[in-house]
Amino acid sequence: MMQVFRMCPNVEYLDVSYTRISDMAFSGLESLGHRLCLTHLDLSGCSSITDRALGYLESGLSRWPSSVYDDCDCACLRVKWKQKAGGRLSLVSLKLSGCYQVTDAGLSALAGNGGLPKLLHLDLSGCMDVSGVALTNLTNTCSSLNHKEFFYCDNIIDGPHQDTASGCRNVGSACRACCRMDY
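None of the values given here were measured: they were computed from a predicted structure.

1. Some details on the packing of helix H3 (residues 104-111) against helix H4 (residues 132-139)
For the pair H3 and H4, interaxial distance at closest approach is 9 Å and the crossing angle is 15°. By the angle between their axes, H3 is roughly parallel relative to H4. As H3 packs across H4, the resulting crossing turns out to be left-handed. Residues Asp-104, Leu-107, Leu-110 and Ala-111 of H3 pack against Ala-134, Leu-135, Asn-137 and Leu-138 of H4. Classifying every residue of the contact of H3 with H4 gives 6 nonpolar, 1 polar and 1 charged.

As structure tokens, then:
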């Protein structure tokens, strides 16, 4: 992943769902000397993703200097390129559905340094080891979050926006972790 980010800093949509990608793919994001344009990240079904990946992601989100890059071509991934400049990376969609190793610590990392104020879509379905308190702390930093685009485990009874969030998307899914299935 780091090679993709180095060679193609204008990646805006990155879908690596259902791959064997792990935390190490995001290690070193903060050390890159340029700014990414990543706005949509789909890690659904990536069972090796843990809190460490979210820590790396948060570090990378908060440390990008202003720059402008030309478009590049990377046909190996499903990506969309867009030229952008300036400011903090604005992640608007994060899909962690089925990333059952994510816990409160990972959500706390995402909530740090101002959180994700531009986030519109958040899918934490199948993240069974997160608490309502951690979810609330994270969503308090997501001022743009669309509650209809907010998904999390149905077994979390003290979660935020219970009346307006969309619940778990993994119920009945054979390929993503769900608290109602044996994994």
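Next, the rest of the story.
2. Focus: the packing of helix H2 (residues 51-61) against H3
Where H2 contacts H3, the axes come no closer than 8 Å and their chain directions differ by 5°. When the interaxial angle is binned, H2 and H3 end up roughly parallel. Listed contacts from H3 to Asp-51, Leu-54, Gly-55, Leu-57 and Glu-58 of H2 are Ala-105, Gly-106, Leu-107, Ala-109 and Leu-110. Residue classes in the contact of H2 with H3 are distributed as 6 nonpolar, 2 polar and 2 charged.

3. Here we look at H3
Since there are 3.6 residues in each turn of an α-helix, residues three or four apart along the chain are aligned in direction. Three or more residues of H3 are buried, namely Gly-106, Leu-107, Leu-110 and Ala-111. Along the axis of H3, the buried residues cluster in a sector spanning 140°; they form a single face. Backbone geometry just downstream of H3 places Asn-113 in the positive-phi region, at approximately 55°.

4. Side note on the confidence of the model for the chain
For the chain, per-residue confidence averages 76 on the pLDDT scale, and residues scoring 70 or more make up 68% of the total. Within the model, the stretch residues 64-87 combines pLDDT values under 50 with 63 contacts to residues more than four positions away or in other chains.

5. Regarding the environment of Pro-117
With respect to the element layout, Pro-117 can be found in the loop between H3 and strand E5 (121-124). Looking at Pro-117, the relative accessible area reads 34%, which means it is partly exposed. Other than its neighbours up to four places away in sequence, Pro-117 contacts Thr-141, Cys-142, Ser-143 and Ser-144.

About the thresholds
Residues numbered from 1 in each chain as written. Predicted model: local features only at pLDDT ≥ 70, side-chain atom pairs only at ≥ 80, totals over all residues. Heavy atoms only, no water. Axes fitted to C-alpha atoms, helices over the stretch in contact; angles between N-to-C directions. Helix = DSSP H or I, 4+ residues; strand = E, 2+ residues; numbered from the N terminus. Parallel < 35°, antiparallel > 145°, perpendicular 65-115°, else oblique. Left-handed = near helix turned anticlockwise from the far one by under 90°. Contact = heavy atoms within 4.5 Å. Nonpolar A, V, L, I, M, F, W, Y, C, P; charged D, E, K, R; others polar. Buried < 20%, exposed > 50% of the residue type's maximum accessible area, 1.4 Å probe, protein only. Arc of directions from axis to C-beta. pLDDT = per-residue confidence, 0-100.

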